[in-house]
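Topology and contacts: notes
If you want the building blocks of each chain, they are given just below.
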Amino acid sequence: MNSKSSLWTNLFLVVLFFSVVGVVQAQDEQPEGPVYIVQSGDSLWVIAQRFGVSMDDLASQNGLTDPGQLSIGARLVIPGLEGLSGILVTETVLWGETLESLSRQYQVSKELLVRLNHFTSPFEVYAGSSLVVPQSEDEEPPSSGRRATLKVDQSPMELAISQGVSPWTLLKANQLPGSWNVLPGETLYLPEGESGAIGIMPEAITSLEVNALPLTQGRTMVLNITASEVTSLSGQFHDQELNFFPMADGRYAALQGVHVLLEPGLYPLSIRGSLPDGAPFGLTQYVYVQDGDYPFDPPLRVDSETTDIENNETENALWAEIVASVTPEKFWQGPFESPVAAVFSDCFPSRFGNRRSYNESGYNFFHSGLDFCGSVGNDIYAPAPGRVVFVGPLTIRGNATVIDHGWGVYSAYGHQSAFLVNQGDWVETGQLIGKVGETGRVSGPHLHWEIIVGGIQV
């Protein structure tokens with residue numbers, strides 16, 4: 001090799017060396033800040049939305065020129081959180097958790113949680129929402145911990161000793177400056193072990209589930225609670241009182257319809273009760289109600305008497321009165337059966353919740369039931385056991401029958417041509433109760449079938 005070739009070769013190696021060193025340094029020089037590890041299904045937009053930052057800032061902070069090339073397991077630094085470190089993870093807020101209980105469980109100050117999640121209001125910590133929490137690189141995810149409720153006439157020191165922890169540990173884990181901040185009935189967090197207790201609820205409440213979050217217009221909310229040693233249990237959703245019904249093994253259930261016209265948004269859900277020692281407990285937390293995405297029926301031409309505002313208000317008030325009583329017994333088991341013959345069971349001229357326009361009005365009405373196809377005289381059957389609580393003619397629903405199935409659940413049958421049961425009768429599943437007709441607000445014969453839960457059609 002001549003000297004000129006050798007010179008060019010050495011020069012090439014020097015350039016290559018510094019290029020490689022430069023690449024290594026560029027890879028190692030990751031901006032400081034907390035890191036999010038990309039998960040399956042993530043996109044730059046999804047991550048930016050989750051952490052409340054812009055896509056441009058997120059891409060710039062991490063030197064991304066092609067946002068579409070995110071790979072699972074990649075580590076992204078989240079901008080705007082300088083001074084923090086560790087791994088950021090997202091958890092779903094369960095019903096019963098508050099900013100305070102989450103702060104205690106994750107051993108992170110409330111101020112830091114507010115900063116990480118860009119909270120501007122306590123309403124944003126609602127059941128089903130996502131919560132960003134920091135976690136050290138070498139740290140296991142926190143356990144749910146134990147919860148212990150301070151009893152009446154019990155000091156925090158006595159509570160700590162009864163739970164096998166030091167008073168200092170109890171105060172530190174709950175970020176309390178002193179024992180004077182604790183009131184009877186308050187539930188405190190203990191960092192070791194798992195009791196299954198929920199958030200700030202007393203340890204007597206071992207499970208609490210709201211099905212399904214987010215709630216949906218026109219659907220039924222179901223609350224399941226497992227509780228021991230409670231002397232009372234009640235609640236409220238929005239403006240509806242909840243009724244809890246005892247089941248086996250300390251379980252309670254409450255059913256409540258969500259009105260089909262309730263505007264999408266956040267609404268309060270409350271539970272309250274008392275313990276055997278007289279200590280009260282309670283929690284109000286917001287839950288989200290989403291749009292039911294109901295379609296619009298074609299405009300209908302009907303008798304003008306059935307669209308009169310006064311007639312509608314009068315009948316709706318009577319209807320609400322009929323289904324207001326809550327029978328504590330549950331009369332049915334399993335799914336309701338079809339109220340019509342099998343040949344009509346899958347034929348629906350109009351479904352529940354559809355928006356309605358009558359006689360060239362605006363779409364100011366909604367369909368409060370499910371319509372089944374049929375001809376005048378076709379049979380109508382009871383879908384489940386229950387007690388008949390109303391039989392009679394109405395302006396809008398025509399000849400109507402209402403059955404009480406217990407637990408605040410009712411079924412109703414409109415536009416009938418004939419009644420085959422009387423008020424006060426007990427009916428069994430499959431029993432013949434009436435005939436299809438075209439009475440009331442109709443444009444042809446069919447069965448209008450309503451299900452009412454907690455006073456609300458669903």
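Here's what I pulled together on the structure shown here. Given the structure is predicted, the values throughout are model-derived calculations rather than measurements.

This brings us to unusual backbone geometry. Look at the link from Asn211 to Ala212: it is a cis peptide, with omega at -15°. Checked against the element boundaries, Ala212 lands in the loop between strand E7 (205-211) and strand E8 (215-216). Following Leu213, the chain continues into Pro214 via a peptide bond in cis, with omega recorded as -10°. Its place among the elements puts Pro214 in the loop between E7 and E8. Look at His118: it is not a glycine, yet its phi comes out positive at around 55°. Positionally, His118 belongs in the loop between helix H5 (110-117) and strand E4 (130-135). Taking relative accessible area as the criterion, His118 reaches 39% and is therefore assigned partly exposed. Phi is positive for Gln175, close to 55°, though the residue is something other than glycine.

Take the packing of aromatic side chains next. In this structure the tally under the stated criterion is 12 aromatic pairs. Centre to centre, the rings of Tyr294 and Phe352 are 6.1 Å apart; their planes meet at 85°, and the pair counts as edge-to-face. With a gap of 58 residues between them, Tyr294 in the loop between strand E15 (280-290) and helix H8 (309-322) and Phe352 in the loop between H8 and strand E16 (355-356) connect regions that are remote in the sequence. The pair Tyr294 / Phe352 is uniform in exposure class, with both members buried. Every member of this aromatic cluster is reached through a ring pair, and the members are Phe245, Trp332, Phe336 and Trp407. A cation sits over an aromatic face here: Arg397 above Trp319, 4.2 Å from the ring centre.

Cut-off values and rules
- Residues numbered from 1 in each chain as written.
- Predicted model: local features only at pLDDT ≥ 70, side-chain atom pairs only at ≥ 80, totals over all residues.
- Heavy atoms only, no water.
- Helix = DSSP H or I, 4+ residues; strand = E, 2+ residues; numbered from the N terminus.
- Buried < 20%, exposed > 50% of the residue type's maximum accessible area, 1.4 Å probe, protein only.
- Phe/Tyr/Trp six-rings, centres within 6.5 Å; stacked < 30°, edge-to-face > 60°.
- Lys NZ or Arg CZ within 6 Å of the ring centre and 35° of its normal.

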